[in-house]
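What the coordinates show
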Amino acid sequence: MSGKLYGSQAGLPFSSALRVYEPLEAFPEDQRQQLVASGSRNGSRAAVENAELLASLGRVTRKGGDPFPTGSTDLVRITRIPSGDPNDPDAGRLLYCPSQLVIRAGLAANALMEGIHGPLADLLIPVDQRDRHQARIDRINASHDAKRVHTRASTWGIPFSWFSLFQESDRKDVVESGGRILTVRVWASLTDALDRARFAVANLALAAPDLDMLDDLTQLTEWLELFHVQSMVELDYGAVADKVYPDDSPMDVRLGIECLAEGDMTGAAAAYRRLASRWIPIRQLARAS
């Protein structure tokens, strides 16, 4: 069963991710050997996704009700920047994206506690469990550079701000199995992603300063600026890709921002309608019974 878990996520919330992959020299020296070893041990990308999903389901059903990862192991995703040599497809530079599950779980718990579901979160995650997990985070902060959280996750849809980092010409990997799309991954260099984010921020700040997307893009830009200049950015659609791909969202976001900058409210509204018709039905699934 576990070997097919990644390919059969029916019934689970759609989860998408925005990840940054960095070269080895971007990490602290004492972390590099661990990254290389973990990346070699984890195997294929499908195996990593399967292991992460299996581990998350295991935490939900763990005795004692503690949903937090312990940090005993951490998954690492690896990608290779193509060298451009058609005679050597394995050439190129390796980049690493650690899962950082302990830190991300802590951030997610904090967001839950501060949100409208705070009282419910107190029941789901007792104080003693949160305290134990905070101790794990403190140990990581003491030994590694934990400021750069390499992964941002979203359930039931992809934030429109993420699409501003990508364009139609960017490299894509479409992963299919059994006649359906398991995921689509879109790649951009960090420098390209930053240039696009800054372009969007500059234009929205002038044309639509009250738009919520401007705050999202500003935070996204500040996050990307934390990483090594030779990094790569990956948008991983996850299982929602089977519902929306082929997807013109990056183009619609770009056209919408350009129309706003030019004062073309009709064009901007048309771009938003295309986005809404594609993504609002997905977000409504979160409230479906």
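Look up a bit, the structure's there.
Residue positions within a chain follow its written sequence, with the count starting from 1. Thresholds applied to this predicted model are a pLDDT of at least 70 for local features of residues and 80 or more for the giving and counting of side-chain atom pairs; totals over whole chains, interfaces and linings are not thresholded and use all residues. Processing note: side-chain calculations cover all non-hydrogen atoms of the structure and skip hydrogens and water entirely.

**A look at the overall build of the protein chain**
Secondary structure elements are defined from DSSP: runs of H or I of at least 4 residues count as helices, runs of E of at least 2 residues count as strands, and each element is numbered from the N terminus. Looking only at helices and strands, the protein chain features 11 helices and 7 strands. For every residue, the accessible area (1.4 Å probe, protein chains only) is compared with the maximum for its type, and the residue is labelled buried under 20%, exposed over 50%, or partly exposed between those bounds. Scored against the burial criterion, the 289 residues of the protein chain give a buried share of 43%. Note on definitions: a residue-residue contact is assigned when non-hydrogen atoms from the two residues lie within 4.5 Å. Within the protein chain, contacts between residues separated by at least 24 positions form 76% of all contacts whose residues are at least 6 apart in sequence. Entry remark: accessible area of the protein chain is about 15,300 Å², with carbon and sulfur atoms responsible for 54%. Calculation of accessible area relied on Shrake-Rupley with a 1.4 Å probe; when residues are assessed, cover is drawn exclusively from the protein chains displayed.

**Some points on the pattern of salt bridges**
For salt bridges, the criterion is a side-chain nitrogen of Lys or Arg within 4 Å of an Asp or Glu carboxyl oxygen. The final tally for this structure, using the stated rule, is 19 salt bridges. One salt bridge connects Glu52 with Arg77, and the closest N-O pair in it is separated by 3.0 Å. Of this pair, Glu52 sits in helix α2 (residues 45–60) while Arg77 sits in strand β2 (residues 76–82), placing them 25 residues apart in sequence. Pair check on accessibility: Glu52 and Arg77 agree, each one buried. Salt-bridge contacts for Arg274 lead to Asp252; the nearest nitrogen and oxygen are separated by 2.8 Å. Here Asp252 lies in helix α10 (residues 249–261) and Arg274 lies in helix α11 (residues 265–284), a separation of 22 residues in the sequence. We classify Arg274 as partly exposed; its relative accessible area is 33%.

**Quick word on helix α8 (residues 212–224)**
One fewer than the residue count of a helix, multiplied by 1.5 Å, yields its expected span. Taking 1.5 Å per residue, 13 residues should reach 18 Å; α8 reaches 19 Å between its end C-alpha atoms and fits that length. All of the buried residues along α8 are Met213, Leu214, Leu217, Leu220, Thr221, Trp223 and Leu224. The inward-facing, buried residues of α8 contact β1 (15–21), β4 (151–155), α6 (160–163), α7 (190–207), β7 (232–236) and α10.

**Here we look at the environment of Leu275**
Mapped onto the fold, Leu275 is located in helix α11. For Leu275, a relative accessible area of 5% corresponds to the buried category. Taking the C-alpha atoms as reference, Leu275 lies 9.5 Å from Pro250; in sequence the two are 25 residues apart. Among all residues touching Leu275, those that are not within four sequence positions of it are Phe160, Ser249, Asp252 and Val253.

**Remarks on the pairing of strand β6 (residues 180–189)**
Within β6, 8 of the 10 residues are buried, leaving the element largely enclosed by the surrounding structure. Here, strands pair whenever DSSP counts at least two bridges between them. Pairing geometry for strand β5 (residues 172–177) and β6, over 6 bridges, is antiparallel. Within the sheet, the bridge partner assigned to Asp173 lies in β6 and is Arg185. Following β5, the chain reverses through 2 residues before pairing antiparallel with β6; Gly178 in that reversal takes a positive phi of roughly 60°. As judged from the 5 bridges shared by β6 and β7, these two strands associate in the antiparallel manner. Within β7, the residue paired with Ser189 across the bridge is Met232.

**Concerning the nonpolar core**
The biggest cluster of nonpolar side chains holds 43 residues, and the ones touching the most others in it are Leu18, Leu165, Leu224, Val233, Leu235, Tyr237 and Trp279. Excluding anything up to four places from it in sequence, Tyr237 contacts Ser15, Ser16, Ile158, Phe163, Thr183, Val184, Val186, Val244, Asp247, Pro250 and Trp279. The criterion is simple. A nonpolar core is a set of buried Ala, Val, Leu, Ile, Met, Phe, Trp, Tyr and Cys residues joined through side-chain atoms within 4.5 Å. Tyr21, Leu95, Cys97 and Trp187 belong to the second-largest nonpolar core, a separate cluster that totals 5 residues.

**Some points on the packing of α10 against α11**
It is at 8 Å that the axes of α10 and α11 come closest, and there the two elements cross at 155°. Classified by the interaxial angle, the pair formed by α10 and α11 is roughly antiparallel. Crossing angle aside, the handedness with which α10 passes α11 is left-handed. Taking contact as the criterion, the partners of Ser249, Asp252, Val253, Leu255, Gly256, Cys259 and Leu260 in α10 are, on α11, Met265, Gly267, Ala268, Ala271, Arg274, Leu275, Arg278 and Trp279. When residues are grouped by polarity, Ala, Val, Leu, Ile, Met, Phe, Trp, Tyr, Cys and Pro land in nonpolar, Asp, Glu, Lys and Arg in charged, and all others, Gly among them, in polar. Taken together, the residues of the contact of α10 with α11 sort by class into 9 nonpolar, 3 polar and 3 charged. What counts as an axis is a line fitted to C-alpha atoms, over the stretch in contact for a helix, and the angles between N-to-C directions run from 0 to 180 degrees. For classification purposes, an angle smaller than 35 degrees is called roughly parallel, one larger than 145 roughly antiparallel, one from 65 to 115 roughly perpendicular, and anything else oblique. What makes a crossing left-handed is the near helix being turned counterclockwise from the far one by less than a right angle; a clockwise turn instead makes it right-handed.

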